[in-house]
Structure formats: C-alpha cells, structure tokens
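# Structure assessment
Residues per chain, in single letters:
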Amino acid sequence: MADAVPHERISWQEYFLRITYMVSERSTCLRRKVGAIAVKDRRILATGYNGAPSGVPHCLETGCLRERLGIPSGKNHEICRGIHAEQNVIIQAATHGISIQGAEIFCTTFPCTQCCKMLINCGVACIHYCESYPDSLGEELLREAGVPIDKLPKPEGL
C-alpha cells in the first residue's frame, strides 16, 4: 500500500462560503447574484438565492424593472420582482418546519436592512459575508441586537 499523501482540508468557513457562492449561481437577478445558507452544528439547514417568487416570471424573462427605472443599488428594495437570498433562507426553513434560531448565516453579500431585521428576529447566532452592500443601517441594527458580523475574504477561484 502506498504511503498516504498529506492533504490539507479547507476550513469549515471556506467550505460553507464555497457552497454559498454555488447557491448564488441559481439567482435570476440581472444585477447581482446573491446566495445565503443557514448552518447549525456544521449542518446546512436551508439555502436561498435572490430571484422572483415561485411561479412568477423571473427578471431573466422580463428584464430588470430597477434598471429600467434607474434605481441605484441599496435603494427602494420594494421596487423589484425578486426576493432576497436571506429572505428565501427564512422562507425555505419555515416551509419545511426548520428553526434557524441559533444558526450561522453565510452570505455572499452583506444583508440589506430589511433582511438584517428579519434575521435578528429569527435569532441567528452570527452572519458571515464576503461582499459589502451600500446599506449601513443593517449593520447598526445587528450590532445593537448583539448579532456578530464577520467579513470574510472571498474564497480563491470564485
């Protein structure tokens, strides 16, 4: 039997971040692909990506309403066909009867204020993210609620 070759494993954080970026590839948003996953005890509880509600035409089919109206990133979230990735994590967990209380959330992009408020009320333990988002109120609310945030480098090759 040949000698075993030493093999370095990626960290759990990188493992979950890589999966989060893979989830984002399902996004139907024309402006920004976002993925999010809820993890507890090193197990994935739910995943989400940004896109239109089930059964509704996606922006890939209809075009981007926000782009047509000239709405900048971080503004007027309600003028969009899509549901945010973090909202879809919450919805998926709720639909399947899975509590995400105490879960870690991994996001490709920092959550908007609305998503931060929802995640606070779900009782998440912390939020890990890679890419910034132009919405500072969410960060302030997370700090006030005692929810740690952790900016991580985007995994190499992504």
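Above this text you will find the structure in question.
Described below are features of the structure shown in this document. (Residues numbered from 1 in each chain as written. Predicted model: local features only at pLDDT ≥ 70, side-chain atom pairs only at ≥ 80, totals over all residues. Heavy atoms only, no water.)

Under the counting rule described, the total for this entry stands at zero disulfides. Cys 29 carries a free sulfur, and the closest cysteine sulfur to it, the one in Cys 64, is 6.1 Å from it. Judged by relative accessible area, which is 24%, Cys 29 ranks as partly exposed. This cysteine, Cys 59, is not joined by any disulfide, and Cys 80 carries the nearest cysteine sulfur, 5.5 Å off. (Disulfide = S-S within 2.5 Å. Buried < 20%, exposed > 50% of the residue type's maximum accessible area, 1.4 Å probe, protein only.)

Quick look at helix α1 (residues 12-24) now. Compared with an ideal rise of 1.5 Å per residue, which puts 13 residues at 18 Å, α1 spans 18 Å between its outermost C-alpha atoms and is within 8% of the ideal. Every buried residue of α1 is accounted for by Phe 16, Leu 17, Thr 20, Tyr 21, Val 23 and Ser 24. In a view along the axis of α1, the buried residues occupy a sector of 155 degrees, so they form one face of it. (Helix = DSSP H or I, 4+ residues; strand = E, 2+ residues; numbered from the N terminus. Expected span 1.5 Å × (residues − 1). Arc of directions from axis to C-beta.)

Spatially, five strands are ordered β2-β1-β3-β4-β5 in an open sheet, and the strand pairing comes out mixed. The open sheet has two free edges, formed respectively by β2 (43-49) and β5 (149-151), since each of these has just one partner strand. This sheet shows a mean twist of 20 degrees between the axes of neighbouring strands, independent of strand direction. In this sheet, β2 lies alongside strand β1 (residues 35-40) in antiparallel orientation, the contact comprising six bridges. (Pairing = 2+ DSSP bridges. Axes fitted to C-alpha atoms, helices over the stretch in contact; angles between N-to-C directions.)

Tallying each qualifying case throughout the model produces four salt bridges. Between Arg 18 and Glu 14 there is a salt bridge, with its nearest N and O atoms 2.9 Å apart. With Arg 18 and Glu 14 both in helix α1 and four residues apart, this pair spans about one turn of that helix. Overall, Arg 18 belongs to the partly exposed group, its relative accessible area being 29%. As a salt-bridge pair, Glu 131 and Lys 154 come within 4.0 Å of each other at their nearest N and O atoms. Taken as a pair, Glu 131 in strand β4 (residues 126-131) and Lys 154 in the segment after β5 lie far apart in primary sequence, 23 residues in all. Exposure remark for Glu 131: the relative accessible area of 29% places this residue in the partly exposed category. Residue classification places Lys 154 among the partly exposed residues on the basis of a relative accessible area of 39%. (Salt bridge = Lys/Arg side-chain N within 4 Å of Asp/Glu carboxyl O.)

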